[in-house]
Amino acid sequence: MGVIGATLIRAGRRFLSSLPALLGVLIFTFLLMRVLPGDPAVFFASGPSAGKEEIEVVRKQLGLDRPLPEQLAIYLYDVGRGNLGRSMMTGQPVAKDLRERLPASLELTFSALLIALIAAVPLGVLAALRSGSIIDHAIRLFCSLGVCVPTFVSGLLLIYLFYYLLGFAPDPTGRVDVFTTLPPARTGFLVADFLLAGDLAGCAAALRQLMLPAFTMALFVIAPLARITRASMLVSLGSDFVRTARSVGLPRWQIVVSYALRNAILPVITIAGIVFSTMLGANVLVEKVFSWPGVASYALDALLVSDYAPVQGFVLLMASIFVVVNLLVDVLYGIADPRATVA
Amino acid sequence: MSAIGGSSTLRHAAFVLRGNLITAIAAAGVAALALVAIFGPALVPFDPVASDVPRALQPPGALHWAGTDQLGRDVFSRLIVATRLDLAIAVTAVCISFVIGAVIGAICGYAGGKLDRAVGRLVDVLMAFPLFVLAMAMVAALGNRVENIVIATAIINLPFYIRFARAEVNIRRNLGWVEAARACGDGHVAVVLRFLLPNVLPGMAVQMSLNLGWAILNAAGLSFIGLGVKPPTPEWGIMVAEGARFISTGRWWLVAFPGLALMLAVLCFNLLGDGLRDILDPRMRT
């Protein structure tokens, strides 16, 4: 059996074992909706002035008069068919709204994770190579400060610096200028769509809009990534195979990159998965600061006007993405370290 | 050395503090925060909610050290007064999750079996949510009030305490001294309460300090998006939210100073937590 086959089997087994957690998440969101204040039947009736009989009719229509387990079964069935209810705020099905807005959130999160990794891995490697030196302490200080500044504060200060003082960044609202003609949506990632449409100016504009929010989020997660890179590099630099590589006179960069780093990268992948899900949560704050039209700001707007179906759909979506990301991390782990699949 | 005397733990703590200036500074910072929270509201130069519209949006100066906001309120006074509320929310939330988490975790770790597995599953489900989103949804579900921010923050912290207490009790439950206590006729409840929990507490204290910083960020984040604390109550997250409208016209002080307060508070708790970990368990030093 090849490595790929073993990885697939592992992924399948892992997926099966994450099913109970997913079911738990579904039940939890269902219960959350049940304890939410306000009676959905009153909302869906013609208005606050609706009569008692009318509300009763709506209640029957919505199935709210049935026993809880039956309602749960109906809910599970609905979710299984991709029906997450309807948003009163936009008048559209929640699933449609979420689908339209998810690419914006993913574009932001992925770019932020990319920036964070590009910054954190070299920082961590450098700190490990020069462990105990001034550089090491400087990097540690930077990391300690990074996790202490809330994203909404660093985002606003970046706006002050790059938009107000330097005039370098565009108006920090949304993904593009209101007057821009959007490219045909192929990937949903605006930067990529502009590129595919051959519109380089549009691509640059979208990149400039993306820059500040992505950096804001990256700043917050560089610290854990750099820390774990440093710790794991220290272990791998002190190992026998690095000593052997040194003693046979391999070039230094080869020892560091293809021997030490390759073996040190596993914990970094795991933490990157955790960080990704943290960022999906932190998205709420960054999307609010930059008026980014993603799923998190959608859920937040809905939450503030007591429109609960979008909130429920959003929580469910985030939890599912979290489970999927964990699964992905596991598969990546198996590819990066074939030994993991044997066990 | 002799001046400190006392138990060996105290002496060890003093030794580590001497060798670890940063932890000492962090401890002093936390003490200062506590003092500001207790005495601050009595000492501030201006009424934190009194508006003075002609003096609105003034940059920091000799009279208003941190400037004034859009209603002419003194930002410095508001910052100081807000300390009490921000710390109270974080400390209460962390204490609640500490007590409940320690008890549930200790029972699970001691009893094992079906109960342990069921609670473990529940914790897994809780951990499957992005925690900030979960807190958001819970505040929405329970009602938009400060108490509910405390409850939501306590619940999202709970899994960490349950796991920690469970693991720590689990590795100790078959040790000799537990067996000895059982042999002496102590019941299960007494063994858990009198022997196992006290051994787990020091490690959990470290967890608490690290969690406090996180709880402060979490609570400020929730009030930043308009949940929980309501204006005109002075609170760091709300102050940032109100100042956000003026950042693109260059009024940096409305965001920078509450941001700085948040950063310093979180930094002190984080550094103290790291330091406490070094004091309790020098092996875990990174």
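Keep in mind that what you see is a predicted model, and the values were worked out from it rather than measured.

Structural notes on the overall build of chain B
Here is step 1: Across its full length, chain B carries 10 helices and zero strands.
Here is step 2: Along the first, second and third principal axes, the C-alpha set of chain B runs to 75 × 55 × 30 Å.
Here is step 3: Counting all 286 residues of chain B, 47% fall into the buried class.
Here is step 4: Within chain B, residue pairs in contact and separated by at least 24 positions form 70% of the contacts whose partners lie at least 6 positions apart.

Observations concerning the interface of chain B and chain A
By a widely used convention, the size of an interface equals the accessible area lost when the partners come together.
Here is step 1: With 35 residues of chain B at the interface, the matching set in chain A holds 41 residues.
Here is step 2: Those elements giving two or more residues to the side of chain B that touches chain A turn out to be helix H4 (113-127), helix H5 (131-142), helix H8 (188-224), helix H9 (236-244) and helix H10 (253-280) of chain B.
Here is step 3: With eight residues, the top contributor of residues to the side of chain B that touches chain A is H10 of chain B.

Let's talk about the nonpolar core
Here is step 1: One finds Met217, Ile222 and Leu225 of chain A together with Ala135, Met136, Ile216 and Leu262 of chain B to be the most contacted residues of the largest nonpolar core, which totals 174 residues.
Here is step 2: Take this core: its biggest share by element is 18 residues, from helix H3 (residues 75-111) of chain B.

What to know about unusual backbone geometry
Here is step 1: Of note, the amide linkage connecting proline 231 of chain B to proline 232 of chain B takes the cis form, showing an omega dihedral of 10°.
Here is step 2: Among the secondary structure elements, proline 232 of chain B is positioned in the loop between H8 and H9.
Here is step 3: One non-glycine residue, serine 291 of chain A, lies in positive phi territory at about 45°.

Regarding helix H10 (residues 240-247) of chain A
Here is step 1: Of all eight residues in H10 of chain A, zero are buried, a share of ten percent or less.
Here is step 2: Among the residues trailing H10 of chain A, glycine 249 of chain A stands out with phi positive, at a value near 80°.

Conventions used here
- Residues numbered from 1 in each chain as written.
- Chains lettered and ligands numbered in written order.
- Predicted model: local features only at pLDDT ≥ 70, side-chain atom pairs only at ≥ 80, totals over all residues.
- Helix = DSSP H or I, 4+ residues; strand = E, 2+ residues; numbered from the N terminus.
- Buried ≥ 20, exposed ≤ 12 C-beta atoms within 10 Å, placed from the backbone.
- Contact = placed C-beta atoms within 7 Å.
- Core = buried A, V, L, I, M, F, W, Y, C linked by C-beta atoms within 7 Å.

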